[in-house]
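# Observations on the model geometry
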Amino acid sequence: MSHDAQPDASLYIAGRFAEGEGEALPVHYPYDATVIATLRAATPKQVAQATAAAAAAQPAWAALRPVERGRVLIRAAQMIRDRAEELARLETLDTGKPIQETRVADWPSGAEALEYFGGLAPTVTGQAIPLGGDFVYTIREALGVCAGIGAWNYPSQIACWKAAPALAMGNAMVFKPSEETPLGALKLAEILTEAGLPPGIFNVVQGGGAVGAALVTDPRVAKVSLTGSVATGQKVYAAAAEGMRHVTMELGGKSPLIVFDDASLEDAVGAAVLANFYSSGQVCSNGTRVFVQEGILPAFLERLAKRLAAVRIGDPLDEATQHGPIISPAQLCKVRAAIERGRAEGARLVCGGPGEGAFVPPTVFAGVTDDMWIAREEIFGPVMSVLGFATEAEAVARANATPYGLAAGVFTRDLARGHRVAAALQAGTTWINAYNLTPVEAPFGGVKLSGVGRENSAAAIEHYSQLKSVYVGMGGVDAPY
Ligand code: NDP
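Here is a short report on the structure shown in this document. Since we're looking at a predicted model, the values are computed, not measured.

## Observations regarding the pairing of strand 7 (residues 145-149)
For strand 7, the tally of buried residues reaches five of five residues, placing the bulk of the element in the interior. Of the two faces of strand 7, the one carrying Val145, Ala147 and Ile149 and the one carrying Cys146 and Gly148 are both buried. By the bridge criterion, five bridges tie strand 7 to strand 8 (residues 172-176) in an arrangement that is parallel. By the bridge assignment for strand 8, Ala147 is matched with Val174. The β-α-β motif built from strand 7, the intervening helix 6 (residues 155-168) and the parallel element strand 8 has right-handed crossover chirality. The pairing of strand 7 with strand 10 (residues 221-227) spans five bridges and is parallel. Among the inter-strand pairings, Cys146 is bridged to a residue of strand 10, identified as Lys223.

## Some words on the pairing of strand 12 (residues 256-259)
Burial along strand 12 is two-sided: the residues Pro256 and Ile258 and Leu257 and Val259 are all buried. Summarising the sheet, strand 12 and strand 13 (residues 289-293) pair through four bridges and their orientation is parallel. Following the sheet pairing, Val259 is matched in strand 13 by Val292. As for the winding sense of the linkage, the β-α-β connection from strand 12 through helix 10 (residues 265-277) to strand 13 is right-handed. Inspection of the sheet shows strand 12 paired to strand 17 (residues 407-411) by three bridges, in the parallel sense. When the sheet's bridge partners are listed, Val259 is paired in strand 17 with Phe411.

## Some words on the environment of Ala442
Residue placement: Ala442 occurs in the loop between strand 18 (429-432) and strand 19 (451-452). The spatial distance from the C-alpha of Ala442 to the C-alpha of Ser457 is 5.0 Å, given a sequence separation of 15 residues. The contact partners of Ala442, leaving out residues within four places of it in the chain, are Glu455, Asn456 and Ser457.

## Regarding the sheet that holds strand 6 (residues 135-142)
Pairing in this open sheet of three strands is antiparallel, and the strands run 5-6-20 from one edge to the other. Two strands in the sheet have a free side with no partner beyond their single neighbour: strand 5 (128-130) and strand 20 (465-472). Taking the axes of each pair of neighbouring strands and ignoring which way they run, one obtains an average angle of 20 degrees across the sheet.

## Observations concerning the side chain of Gln331
Secondary-structure assignment places Gln331 in helix 12 (residues 329-344). Accessibility expressed as a relative area gives 7% for Gln331, which makes it buried. Not counting residues up to four positions away in its chain, the partners in contact with Gln331 are Trp152, Gln282, Ile326, Ile379 and Phe380.

## Notes on the nonpolar core
Leu114, Leu167, Met173, Leu188, Leu192, Phe202 and Ile258 are the most contacted members of the largest nonpolar core, which totals 123 residues. With nine residues, the single largest contributor to this core is helix 6. Two domains each provide a minimum of three residues to this core, namely domain 1 (11-251 + 450-468) and domain 2 (256-432). Each residue touching Leu188, except ones within four places of it in the same chain, is listed here: Ile80, Trp107, Leu114, Ala159, Cys160, Ala163 and Phe202. Of all hydrophobic cores here, the second largest spans 28 residues; its members include Leu257, Phe277, Val364 and Ala366.

## Description of the site of the ligand
Looking at the ligand, there are 27 residues lining it, with Gly150, Trp152, Glu179, Ser229 and Lys334 nearest. Lys176 places a side-chain nitrogen or oxygen 3.0 Å from an oxygen atom of the ligand. Lys334 places a polar side-chain atom, nitrogen or oxygen, 2.9 Å from an oxygen atom of the ligand. Alone, the ligand offers 850 Å² of accessible surface; in the complex the protein occludes 86% of this. Broken down by secondary-structure element, the contributors of at least two residues to the shell around the ligand are helix 8 (209-216), strand 10, helix 9 (230-242) and helix 12. Here the shell around the ligand gets three residues from one element, more than from any other, and that element is helix 8. For the shell around the ligand, the per-class residue count stands at ten nonpolar, 13 polar and four charged. A domain split of the shell around the ligand shows at least three residues from each of domain 1 (11-251 + 450-468) and domain 2 (256-432).

What counts and what doesn't
- By convention here, each chain's residues receive numbers from 1 onward along its written sequence.
- For this predicted model, a pLDDT threshold of at least 70 governs which residues receive local features, and a threshold of 80 or more governs which side-chain atom pairs are given and counted, while totals over whole chains, interfaces and linings are taken from all residues.
- To obtain the side-chain values, all non-hydrogen atoms of the structure were included, while hydrogens and water were left out.
- Any residue under 20% of the maximum accessible area for its type is buried, any over 50% is exposed, and the rest in between are partly exposed; the area is computed with a 1.4 Å probe on protein chains only.
- Helix and strand definitions follow DSSP, with helices as H or I runs of at least four residues and strands as E runs of at least two, each counted in order from the N terminus.
- When DSSP finds two or more bridges between two strands, those strands count as paired.
- Consider the strands pointing away from the viewer: the crossover is right-handed when the path from the first strand over the helix to the second runs clockwise.
- In this analysis, two residues are considered to be in contact whenever any of their non-hydrogen atoms come within 4.5 Å of each other.
- Note on definitions: angles span 0 to 180 degrees between N-to-C directions of axes, and those axes are lines fitted to C-alpha atoms, for helices only across the stretch in contact.
- Note on terminology: a nonpolar core comprises buried Ala, Val, Leu, Ile, Met, Phe, Trp, Tyr and Cys residues joined through side-chain atoms within 4.5 Å.
- Delimitation of the domains relies on an automatic or database domain assignment.
- The near set for a molecule or strand comprises every residue that places at least one heavy atom within 4 Å of it.
- Definition of a polar contact: a pair of N or O atoms within 3.5 Å, with one able to donate and the other able to accept a hydrogen when the atoms are protein atoms, and with sequence-neighbouring residues admitted only if both atoms are side-chain atoms.
- Methods summary: accessible areas were calculated by the Shrake-Rupley approach with a probe of 1.4 Å, and residue burial reflects only the protein chains presented.
- Gly is placed with the polar residues, together with every amino acid not listed as nonpolar (Ala, Val, Leu, Ile, Met, Phe, Trp, Tyr, Cys and Pro) or charged (Asp, Glu, Lys and Arg).

Taken by themselves, the reported measurements are silent on function.
Shown next as structure tokens:
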């Protein structure tokens, strides 16, 4: 079957495809580096056209009844489900993630976000604050034009997670996908238009960091939502501050997963596998520091190695494939360098290694200590560090000894300990006897360097709106002079 995924054009502005006038952006299928499409970046003028289209269209969209806005999003969610197989295939070509993942995780999660926020839109109301005669009422109003900037690991899900709450609240959005994975956001734009979204409410521009930077500093942009690395987040946050723009920063981590000796070993091993190797380890919330209580450490490692030996690595379009390639040659270099560093630092390679071609197999290091580079830095590849621990207090202290705080997990059959440890862990999301489940109903986001703001859940509404207070005077005005 052909791998041609060329879209009608590279950008989507004011309800229509438009060709980019900037540099050429070849898009590769990460499995075999075939060029599946060639796009062109947006020029600064085209970024300005997109934000102008968004600014022009936004007031009428915000003036609709929320239930009408919601209906468009819910219709788009249904269209995504109707086209599930075509979209999963496109996501696999764009990212190299196994089709068995993209069928269940990426677009399906995006559709849920559209459905959830479409349903939530009409429920958002203000407050009435009585003042004994006079009163105040509050209106939760749209911010205006929001910029969305995405990473390459979950391109379509990220576009939906940002667009759904933004649009539900009456904002317009200009979205810039990662230049590695530009195709899903264009599909979303097409689907939203077909679902009845007015032109200009969801626009897509393409390009690298410079296009993102132009978008963030555009005077029409009131809010910036970024998913990416901490280093980029710091730059984007600083640039947004100049215009006092609102921000949501969904950044990286080095999340801990703590396994106590009373845990179900099989479940804990399964969670550690999902927490490190799903999407070839390219997941921001991954539990890459696995702390295992000393008594069960040998059994844990043995079971882990056995289960990983059975993993099927191959063409992501093959339904049997469980583990796909790394997104790009640049990321491959980074992951391989990290594995080399782990070896050089004296960690023991339990399984995996640098791999061949575009693949890095699931890689586990044991005997890792807290000061090793591989235990401190986000690798963003399939590399797990296993660390032993003795006591609960020690595990919690070591788990928290990181500048990051996106996620954390604890495995134990002791109910009280599960809740105690979850409360003590410095992370935006903490799982007890589970890992990496991010339902749209639950807030998701980081503390410390891992980010600002929350995506998903009703909490996201606050990050895509602002409160207006209206004071109503019911009597005369009593002026002193
Ligand atoms: P980046 O954080 O560099 O990029 C994220 C998005 O921001 C991309 O769309 C990127 O554009 C854009 N961008 C880059 N610089 C700027 C800027 N100055 N202003 C506005 N937008 C900008 O992630 P990468 O994809 O380059 O990956 C680098 C590393 O980040 C990975 O090795 C990994 O460790 C980490 N990462 C973490 C993610 C997470 O969710 N925690 C997700 C992805 C990566 P473009 O990429 O097109 O140049």
